[in-house]
Amino acid sequence: MIKVENLSKIYKNNNEEIYALKDINLQIKKGEIFGIIGLSGAGKSTLIRCLNRLEEPSNGKIFIDGSEITNIDNTSLRETRKEIGMIFQHFNLLSSKNVYKNIAFPLELKGLSKEEIDKRVNTLLKYVELEDKKLAYPSQLSGGQKQRVAIARSLANNPKILLSDEGTSALDPKTTKSILDLLDKIRKEFGLTIVLITHQMEVIKDICDRVAIIEDGRIIELSTVEEIFTNP
Ligand code: ADP
Ligand code: ADP
């Protein structure tokens, strides 16, 4: 599903070179929930941002379903991005738009008709159990509700892959659990591949199948979650 080959990312600041990722190799299977854990500054965000090409890799290749997504033109890149949904720690909702309009936004950009948008948005609202909040604005929602809206929005275009950048880090343990349960349901029902980065071991334990530990831009461990937690 996702294959990362010899991926490196070097940031250039004036004369300084920062090696954020060094020779990363990974294969993530379809329907898998793959966790990436590491300390702040380890390179987690850079890796996930390379996967949806918000960041240009310095070296190496990334394949999705066998197609290379590095070295492609902007049209193909836009198409590829539609197949990848993303959620963030701070939700990144549009504060001037209500819940309905936040979820409708990617569909409006795609140019769907009002009827098609309405059908899809209402299905998504039902799926994340927020039908009663459709006219509320983000400022009127709890953290968990905001993340549900963000998840609904990320699913609007029927992506194959969902990326979560610390998607539960701003939430309390109970709300975290409910969001993880929702992600697990999405994986089971839609067969989505989910890649999540976190600094919380509970998140890895709770829903991930496999985990990569990243330190200083390198993967230092890659194994199933059982192995990680049963190793002495
Ligand atoms: P993490 O998500 O694990 O906290 P990041 O991927 O954000 O780590 O950062 C990895 C390294 O790359 C850090 O040293 C960070 O300072 C550096 N870095 C991240 N983004 C940039 C950038 N846009 N310009 C320069 N350095 C960056
Ligand atoms: P615009 O013409 O600015 O795109 P719309 O006519 O689509 O706006 O919507 C106007 C308002 O009605 C918006 O605030 C939107 O949240 C709300 N709205 C539109 N469709 C629905 C719907 N099916 N259910 C609930 N609210 C809706």
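Not measured: the values here are computed from a predicted model. Think of each chain on its own: its residues are numbered from 1, step by step along the sequence as written. All chains are assigned letters beginning with A, and all ligands numbers beginning with 1, in the order in which they are written. With pLDDT at 70 or above as the cut-off, local features in this predicted model cover only qualifying residues; side-chain atom pairs require 80 or more to be listed or tallied, and sums for whole chains, interfaces and linings still use all residues. Only heavy atoms go into the side-chain values, all of them from the structure, while hydrogens and water stay out.

**Student:** For the pairing of strand β1 (residues 2-13), give the residues involved together with the corresponding values.
**Tutor:** What makes two strands pair is DSSP finding at least two bridges between them. Secondary structure elements follow DSSP: runs of H or I of four or more residues count as helices, runs of E of two or more count as strands, with numbering from the N terminus. As judged from the nine bridges shared by β1 and strand β2 (residues 16-28), these two strands associate in the antiparallel manner. Looking at the pairing, lysine 3 lines up with glutamine 27 of β2. In textbook terms, the turn of a hairpin is the stretch between consecutive antiparallel strands, and for β1 and β2 this stretch comprises two residues, one of which, asparagine 14, has a positive phi near 50°. Sheet analysis places β1 next to strand β4 (residues 59-64), joined by five bridges and oriented antiparallel.

**Student:** Break down the environment of phenylalanine 105 for me, with residues and values.
**Tutor:** Checked against the element boundaries, phenylalanine 105 lands in helix α3 (residues 99-110). Residue classification places phenylalanine 105 among the partly exposed positions, given a relative accessible area of 30%. Contact partners of phenylalanine 105, with chain neighbours within four places excluded, come to Leu94 and Lys97. Whether a residue is buried, partly exposed or exposed follows from its accessible area with a 1.4 Å probe, protein chains only, as a fraction of its type maximum: under 20%, in between, or over 50%, in that order. Contacts are assigned to residue pairs with any non-hydrogen atoms lying within 4.5 Å of each other.

**Student:** Explain the packing of aromatic side chains to me, and be specific about the residues and the numbers.
**Tutor:** Working definition: a ring pair exists when centres of Phe, Tyr or Trp rings (six-membered ring for Trp) sit within 6.5 Å. Plane angles under 30 degrees give stacked, over 60 give edge-to-face, the rest tilted. Within this structure, the stated rule accounts for one aromatic pair. Considering the side-chain rings of tyrosine 127 and phenylalanine 190, the 5.1 Å spacing of their centres and the 40° angle between planes classify their relative orientation as tilted. Placement of the pair is tyrosine 127 in helix α4 (residues 114-127) and phenylalanine 190 in helix α6 (residues 173-190), with a sequence separation of 63 residues. On the basis of relative accessibility, which here comes to 43%, the residue phenylalanine 190 falls in the partly exposed class. Only when the NZ of Lys or the CZ of Arg is both within 6 Å of the ring centre and within 35 degrees of the ring normal is a charge said to sit over the ring. Here the basic side chain of lysine 3 rests over the ring of phenylalanine 63, its NZ or CZ set 5.8 Å away from the ring centre. The ring of tyrosine 127 carries lysine 185 above its face, with NZ or CZ at 4.4 Å from the centroid.

**Student:** How would you explain the site of ligand 1 if you had to name every residue and give the values?
**Tutor:** Whether a residue is near a molecule or strand depends on its heavy atoms: if one lies within 4 Å, it is near. All residues adjacent to ligand 1 are Tyr11, Asn13, Ile18, Ala20, Leu39, Ser40, Gly41, Ala42, Gly43, Lys44, Ser45 and Thr46. Within the backbone of serine 45, one N or O atom sits 2.8 Å away from an oxygen atom of ligand 1. By the criterion applied in these results, polar contacts are pairs of N or O atoms within 3.5 Å in which, for protein atoms, one can donate a hydrogen and the other can accept it, and in which residues neighboring in sequence qualify only through two side-chain atoms. Between ligand 1 and threonine 46 there is a distance of 2.5 Å, counted from an oxygen atom to a side-chain nitrogen or oxygen. Shrake-Rupley sampling with a 1.4 Å probe provides the accessible areas, and residues are treated as covered by the protein chains on show and by no other component. Within the complex, the protein chains bury 63% of what would otherwise be the 560 Å² of accessible surface of ligand 1.

**Student:** Explain the side chain of serine 169 residue by residue, including any values.
**Tutor:** With respect to the helices and strands, the residue serine 169 is situated in the loop between β7 (161-165) and α6. A distance of 2.3 Å separates polar atoms of two side chains, one belonging to serine 169 and the other to glutamate 166. When residues no more than four places from it in sequence are discounted, the contact partners of serine 169 are Gln89, His199 and Gln200.

**Student:** Quick rundown of the layout of surface pockets? Include the residues and the values.
**Tutor:** The rule is simple: put a 1 Å grid over the protein atoms alone, call a set of points where a 1.4 Å probe fits but cannot get out a cavity, call an open set with protein on both sides within 12 Å along at least five of seven lines a pocket, and count a residue as lining if it has an atom within 4 Å of a point. Grid points are joined across faces, edges and corners, and a volume is the space filled by probe spheres set on the points. Taken as a whole, the largest pocket encloses approximately 660 Å³ of empty space. Mapped onto the lining of the largest pocket, the elements with two or more residues apiece are α2 (74-82), β6 (84-88), α3 and α5 (143-155). Just so you know the grouping, Ala, Val, Leu, Ile, Met, Phe, Trp, Tyr, Cys and Pro go in nonpolar, Asp, Glu, Lys and Arg go in charged, and all remaining residues, Gly too, go in polar. Here the residues of the lining of the largest pocket are counted per class, giving eight nonpolar, five polar and five charged.

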